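Survey of secondary and tertiary structure
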Amino acid sequence: MREQALWTRATLGRDGRPLDLLTARFDRHRYAPHAHDEFTIGVNVGGSEIIDYRGDRIRTGPGSIVVLAPGEMHTGGPAACEGYAYRALYAEPSLLGDGAVGGVPHFREPLLDDPELAAALRAAHIELSACPDPLEAESRFPWLLAALARRHSTARPDRDEIPGAAHMADAVRDRLADELQDPPSLASLAAELGLSHYQLLRAFRTATGIPPYAWLAQHRVHRARRLLESGLRPAEVAGRVGFADQAHLTRWFRRVLGVTPAAYRASVLPRS
């Protein structure tokens, strides 16, 4: 295992706050005692790490989640010669308090065993490190962080039932479809509807079964089909429907239709 630390940054919505993401693999590196202004949420993806925190020594293993509070001193280093690997994100306290009542959540235990949530955090980290789409980041990370606080902190969960969820979801869909290339932030849409960020995400999922970014991606794919059928090439189509680039278009096109945009175009255009 070689020493590696890669920082990337996702933006939570158009003109939204940044969220730093770290992908790290170490076999010898040991962190000096330090603290962060944000919550540090890490998922171990290999090996074992020892962390000194709040007077105790934590030992992580693959699949474990670590939550370190803002301002709390901690260290980090390999537990054995095979080293350790993890993915971490650094979240402002308000992001964890959005789906709960009572302000900033408190985590009594820093080491959490929640395989489902660990897998979801890891998947979001991998995909948004590679392609940090603002609407996708704003849909996925706040939802997962709210789940983290609701499941494992002392905070009391906010209400799940959102009156008028179907009407609110329709309003969000209309705005996203109208501003396909540069969609509004969910924070701004939530403010217009008199909701918190979490409540908007809950209402949309209740009404549609999917988060806003997934609905918009599918809508973009359907628009892309029409443009491909008209003869445009995938590289031209990607920007016209709001994808970051051709790779972003291809990822979603295959998810929705099972083939690449190029293969679809070749199959529907008349043969000369």
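Reference entry: report on the structure contained in this document.

Another aspect to go through is the overall build of the protein chain. Helix and strand counts for the protein chain stand at 10 helices and 12 strands. The C-alpha radius of gyration of the protein chain comes to 21 Å, within 12% of the 19 Å expected for a compact globule of 272 residues. Each of the 272 residues in the protein chain was classed as buried or not, and the buried ones make up 48%. Of all intrachain contacts in the protein chain linking residues separated by at least 6 positions in sequence, the fraction that spans at least 24 positions is 70%. Per element, the accessible surface of the protein chain, about 12,800 Å² overall, is 49% carbon and sulfur. For the protein chain, the distance from the average position of its 33 positive side-chain charges to the average position of its 33 negative side-chain charges is 7 Å.

We now examine the packing of helix 2 (residues 115-130) against helix 3 (residues 134-152). It is the contact of helix 2 with helix 3, at a shortest axis distance of 11 Å, that shows an interaxial angle of 160 degrees. Classified by the angle between their axes, helix 2 and helix 3 sit roughly antiparallel to one another. As helix 2 runs across helix 3, the sense of the crossing is left-handed. Between helix 2, through Glu 116, Leu 117, Ala 120, Leu 121, Ala 123, Ala 124, His 125, Glu 127 and Leu 128, and helix 3, the contact on the second element is made entirely by Glu 136, Ala 137, Arg 140, Phe 141, Leu 144, Ala 147, Leu 148, Arg 151 and His 152. Of the residues assigned to the contact of helix 2 with helix 3, the class counts are 11 nonpolar, two polar and five charged.

The sheet built from four strands is open, its strands ordered 3-8-5-6 with antiparallel pairing. The open sheet has two free edges, formed respectively by strand 3 (31-34) and strand 6 (56-59), since each of these has just one partner strand. Sheet twist, expressed as the average angle between the axes of neighbouring strands with direction ignored, equals 20 degrees. In this structure, strand 5 (residues 49-53) lies alongside strand 6, joined through four bridges in antiparallel fashion. Note that in strand 6 the partner of Ile 51 across the bridge is Ile 58.

Looking now at the packing of aromatic side chains. Enumeration over the complete set of coordinates arrives at eight aromatic pairs. Centre to centre, the rings of Phe 26 and Tyr 31 are 5.9 Å apart; their planes meet at 80 degrees, and the pair counts as edge-to-face. Phe 26 sits in the buried class, given a relative accessible area of 6%. Ring pairs connect the aromatic residues Phe 26, Tyr 31, Tyr 84 and Tyr 86, which therefore count as one cluster. In this structure, Arg 205 is placed above the aromatic ring of Trp 143, and the distance from its NZ or CZ to the ring centre is 4.2 Å.

Take the sheet that holds strand 9 (residues 84-91) next. Read across the open sheet, the six strands follow the order 1-2-9-4-7-11; overall the sheet is antiparallel. Of all the strands in the sheet, the pair left with one neighbour each is strand 1 (4-11) and strand 11 (111-112). Taken together, the four bridges between strand 4 (residues 39-47) and strand 7 (residues 65-68) define a ladder with antiparallel strand orientation. Across the sheet, residue Val 43 finds its bridge partner in strand 7, namely Ile 65.

Among the nonpolar cores identified, the biggest contains 36 residues, and Leu 176, Leu 200, Val 237, Phe 243, Leu 249, Trp 252 and Phe 253 are the most heavily contacted of them. Per element, the largest residue contribution to this core is eight residues, and it comes from helix 7 (residues 212-229). Beyond its immediate sequence surroundings of up to four residues, Phe 243 is in contact with Ala 217, Arg 220, Val 221, Ala 238, His 248, Leu 249 and Trp 252. Residues Leu 89, Ala 91, Leu 121 and Leu 148 belong to the second largest nonpolar core, which totals 33 residues.

Conventions adopted
Residues numbered from 1 in each chain as written. Predicted model: local features only at pLDDT ≥ 70, side-chain atom pairs only at ≥ 80, totals over all residues. Heavy atoms only, no water. Helix = DSSP H or I, 4+ residues; strand = E, 2+ residues; numbered from the N terminus. Rg over C-alpha atoms; globule rule 2.2 N^0.38 Å. Buried < 20%, exposed > 50% of the residue type's maximum accessible area, 1.4 Å probe, protein only. Contact = heavy atoms within 4.5 Å. Areas by Shrake-Rupley, 256 points an atom, 1.4 Å probe, with all protein chains shown as cover. Lys, Arg positive; Asp, Glu negative; His and termini not counted. Charge placed at Lys NZ, Arg CZ, Asp CG, Glu CD. Axes fitted to C-alpha atoms, helices over the stretch in contact; angles between N-to-C directions. Parallel < 35°, antiparallel > 145°, perpendicular 65-115°, else oblique. Left-handed = near helix turned anticlockwise from the far one by under 90°. Nonpolar A, V, L, I, M, F, W, Y, C, P; charged D, E, K, R; others polar. Pairing = 2+ DSSP bridges. Phe/Tyr/Trp six-rings, centres within 6.5 Å; stacked < 30°, edge-to-face > 60°. Lys NZ or Arg CZ within 6 Å of the ring centre and 35° of its normal. Core = buried A, V, L, I, M, F, W, Y, C linked by side-chain atoms within 4.5 Å.

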